[in-house]
Amino acid sequence: MNHFGKSFIGGRWVEPRGSQVFELVNPATEQPITSFRAGSVEDVDAAVQAARAAFPAFADTPVAQRLALLERIVECFQAREADVLAAITREMGAPCSNKGMTGAAIDGFKAAHATLRDYRFEHVLGPNLVRREAIGVCGLITAWNWPAQLLATKAAYALAAGCTMVLKPSEFTPMTAHLVTEILEEAGVPPGVFNLVHGDGPTVGNAICRHPEVDCISFTGSTRAGVQIGEAAAATIKRVALELGGKSANIVLPDADLALAAEWNVTRAFSNTGQSCHAPTRMLVHESQVDEVLRLISAAVSKVRVGDPLDPATTMGPLVNRAQFERVQRYIRIGLDEGARLVCGGLGRPEGLATGYYVRPTVFADVTPAMTIAQEEIFGPVIAVLAYRSEDEALAIANGTPYGLGGYVFTRDAARGTAVGRRLRAGRVFLNGVPSNPMAPMGGYKRSGNGREMGPFGLEEYLEVKAMIGFPLPTDAG
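*Asks:* Just to check I follow, could you spell out the overall build of the protein chain for this structure?
*Replies:* A count of helices and strands for the protein chain gives 15 helices and 22 strands. For the protein chain, whose C-alpha radius of gyration is 23 Å, the value lies close to the compact-globule estimate of 23 Å for 478 residues. Overall size of the protein chain, expressed as C-alpha extent along the three principal axes, is 65 × 55 × 40 Å. With 478 residues in all, the protein chain has 58% of them scored as buried.

In structure tokens form, the structure reads like this:
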């Protein structure tokens, strides 16, 4: 990373012009790794102008050319996958065993390639021709919790659409963003098509959202930040796609394989130290089965290995930083104060880990729907187990938060599971712990956001719709 900390604007690495300096801290050791200077409003403007200048030519590139570019990106990413994973481990604490951190990013580029290959940009609607065209310059603002995957998903579909872009990654994961930018440069992304400016939300992120030459914003992060982004972008009437927080419920129906449901819920909720917006942090269990499920959950939690993310045996590393550590500790305290019963885990660091932002894998029982830990996103390894008496009550509890990002159902009866899944107010619903699919649309209901990512729905976030009326119709629109 010879140019680490620099902005990437118009195909060149340049010194940022901001005055703010960020110190990057290893969350496993609490020791500084390095520091970097933030970009400025002037850097954002330069990046936007470079993207604007590159847009006409890139938007006109043939689909075959964009497909070839995505193929080269996949090849270059695979060649440097180990470097990217090492950076993620150092700067956010994800265990080196979590190959999904980089695998999901590569899969994102592959899925964009498959989507573009089969997508029809023109179709006939009655006597009219309907075209979809690249929207223009895109502002991409990504979170720190899946730093490679979030960046890849946004950039891949913007490139597939023929858009140009300016990226502001999280200030907590700049090394990952830098490496991915190097990969895009090596793969031959034309100058100005992809631009990188480091910095925080109030300065760099706000400048991107307010810039009149930016045509759309794609943001992944907290609901609070999403509200601010929507407000900042409103004055220039740009499209805004938001993938925000979640408080996902896992409804375990009485006929489910309880051992499978419990082990999967613990594994999924504690993956990435609970720092995933789709994490099933609420487990809804029939009142007659709560005690049995709690025994199974405790057994599953005993298998979690918290420790050094560089150790291949570790399954759960530290939280990303001190602020996140203190946030999770605060929510655990709130759970105790509001009367939830601690099944395992609790306050403080795990035994033997005096340094690092490690937390104890925590499970609460006797949680009621109105409790804070059942309503608010904690973004840490904390599961709330709630009892229900009927299917209708389970659905009311599951849908009874401001969020609607993910939902899960466990049952041996696929038809019943489908009926329950249809009633969940969430953007993605999974049956019996099936893995995620990068072609399926991802996004949320309610305060979990708007718009969708991945697959054809994700591509269309970067496309405008044009109706051509009275023009000759092609014999084979595509």
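*Asks:* I keep staring at the pattern of salt bridges and nothing clicks. Help me out?
*Replies:* Any two side chains of opposite charge can pair, on the condition that their charged atoms come close. Within this structure, the stated rule accounts for 22 salt bridges. Here Glu-15 makes a salt bridge to Lys-6, at a shortest N to O gap of 3.8 Å. Accessibility expressed as a relative area gives 55% for Glu-15, which makes it exposed. The partner of Arg-132 in a salt bridge is Glu-460, and the shortest N-O contact between them spans 3.6 Å. In this pair, Arg-132 is assigned in strand β6 (residues 128-134) and Glu-460 in helix α15 (residues 455-460), connecting sequence segments 328 residues apart. Given a relative accessible area of 26%, Glu-460 falls into the partly exposed group. Salt bridges sharing partners connect three or more residues here, namely Glu-122, Arg-131, Glu-133 and Lys-466.

*Asks:* How do you make sense of the nonpolar core when you look at a structure like this?
*Replies:* Burial of nonpolar side chains together is a common tendency in soluble globular proteins. In terms of nonpolar packing, the biggest core is built from 75 residues, with Ile-73, Phe-77, Phe-109, Leu-159, Met-165, Phe-194 and Tyr-462 touching the most fellow members. Ranked by the residues each element gives to this core, the list is headed by helix α5 (residues 147-161), at 11 residues. Dropping the residues within four chain positions of it, Phe-109 is found in contact with Leu-70, Ile-73, Val-74, Phe-77, Ala-152, Ala-156 and Leu-184. Core analysis: the next-biggest nonpolar cluster, separate from the first, contains 56 residues, Ala-256, Ile-383, Leu-386 and Val-409 among them.

*Asks:* Can you help me understand the pairing of β6 in this one?
*Replies:* Along a regular strand, successive side chains alternate from one face of the sheet to the other. For strand β5 (residues 122-125) and β6, the ladder comprises 4 bridges, and the chain directions are antiparallel. If you follow Val-124 over to β6, its bridge partner there is Leu-129. Where β5 folds back on β6, the antiparallel hairpin that results is connected by 2 residues, among which Gly-126 adopts a positive phi of roughly 65°. Across 7 bridges, β6 lies against strand β22 (residues 463-469) in antiparallel orientation. The residue bridging Glu-133 from the neighbouring strand is Glu-464, located in β22.

*Asks:* I'm lost on the layout of surface pockets in this one. Help?
*Replies:* Empty space among the atoms can be located by rolling a probe the size of a water molecule over them. The volume enclosed by the largest pocket comes to roughly 1000 Å³. Residue lining of the largest pocket: 39 residues in total, with Phe-219, Gly-221, Ser-222, Arg-224 and Ala-225 positioned closest to the centre. Of all the secondary-structure elements, those providing two or more residues to the lining of the largest pocket are α7 (201-210), β10 (216-220), α8 (223-234) and α11 (322-337). With 7 residues, α8 is the single largest residue contributor to the lining of the largest pocket. Along the lines of polarity and charge, the residues of the lining of the largest pocket split into 17 nonpolar, 14 polar and 8 charged. In this structure, the second largest pocket occupies an estimated 880 Å³ of space. Taken together, 34 residues form the lining of the second largest pocket, with Gly-100, Ala-104, Trp-146, Arg-268 and Ser-436 sitting closest to its centre. Those elements that place two or more of their residues in the lining of the second largest pocket are α4 (100-118), α5, α9 (258-270) and β19 (428-431). Broken down by element, the lining of the second largest pocket gets its largest block of residues, 4 residues, from α4.

*Asks:* Any chance you could explain the packing of aromatic side chains here in plain terms?
*Replies:* We describe a pair of aromatic rings using the distance from one ring centre to the other and the angle between the two ring planes. Taken as a whole and assessed by the stated rule, the structure comprises 9 aromatic pairs. Seen from their ring centres, Phe-4 and Phe-36 are 6.0 Å apart, and the 65° between their planes marks the pair as edge-to-face. Placement of Phe-4 in the segment before β1 (7-9) and of Phe-36 in strand β4 (residues 31-37) is noted, with a sequence separation of 32 residues between them. Assigned by exposure class, Phe-4 and Phe-36 land together as buried. Here a set of aromatic residues connected by ring pairs shows up, and it is made of Trp-264, Tyr-408, Phe-410 and Phe-430.

*Asks:* I tried to follow the sheet that holds β6 on my own but got confused; where do I start?
*Replies:* Pairing between the strands of a sheet is mediated by backbone hydrogen bonds and can be parallel or antiparallel. The sheet built from 3 strands is open, its strands ordered β5-β6-β22 with antiparallel pairing. Among the strands making up the open sheet, the edge pair consists of β5 and β22. Strand-to-strand, the axes of this sheet are offset by a mean angle of 25°, without reference to chain direction.

*Asks:* Can you walk me through unusual backbone geometry in this structure?
*Replies:* With phi around 60°, Asn-272 is a residue other than glycine that occupies positive phi space. With respect to the helices, strands and loops of the structure, Asn-272 is situated in the loop between α9 and β13 (282-286). Classification of Asn-272 as buried rests on a relative accessible area of 3%. Positive phi, normally seen in glycine, also occurs at Asn-432, with a value near 55°. Its place among the elements puts Asn-432 in the loop between β19 and β20 (445-446). The exposure class assigned to Asn-432 is partly exposed, which follows from its relative accessible area of 30%.

*Asks:* How should I be thinking about the side chain of Thr-102 in this particular structure?
*Replies:* Tracing the backbone shows Thr-102 in helix α4. Those residues in contact with Thr-102, other than ones at most four positions away along the chain, are Phe-77, Glu-81, Val-84, Leu-85 and Ile-88.

*Asks:* Where do I start with the side chain of Thr-273 in this structure?
*Replies:* With respect to the element layout, Thr-273 can be found in the loop between α9 and β13. From its side chain, Thr-273 meets the backbone oxygen of Gly-317 in a polar contact 3.1 Å long. Every residue in contact with Thr-273, bar those within four places of it in the chain, is listed here: Met-316, Gly-317, Pro-318, Leu-319, Val-359, Gly-380 and Pro-381.

Reading guide: rules and limits
Residues numbered from 1 in each chain as written. Predicted model: local features only at pLDDT ≥ 70, side-chain atom pairs only at ≥ 80, totals over all residues. Heavy atoms only, no water. Helix = DSSP H or I, 4+ residues; strand = E, 2+ residues; numbered from the N terminus. Rg over C-alpha atoms; globule rule 2.2 N^0.38 Å. Buried < 20%, exposed > 50% of the residue type's maximum accessible area, 1.4 Å probe, protein only. Salt bridge = Lys/Arg side-chain N within 4 Å of Asp/Glu carboxyl O. Core = buried A, V, L, I, M, F, W, Y, C linked by side-chain atoms within 4.5 Å. Contact = heavy atoms within 4.5 Å. Pairing = 2+ DSSP bridges. 1 Å grid on protein atoms, 1.4 Å probe; cavity = no way out; pocket = protein on both sides within 12 Å on 5 of 7 lines; lining within 4 Å. Points joined across faces, edges and corners; volume = space filled by probe spheres on them. Nonpolar A, V, L, I, M, F, W, Y, C, P; charged D, E, K, R; others polar. Phe/Tyr/Trp six-rings, centres within 6.5 Å; stacked < 30°, edge-to-face > 60°. Axes fitted to C-alpha atoms, helices over the stretch in contact; angles between N-to-C directions. Polar contact = N/O pair within 3.5 Å; in protein donor to acceptor, adjacent residues only side chain to side chain.

Purely geometric numbers; function is a separate question.
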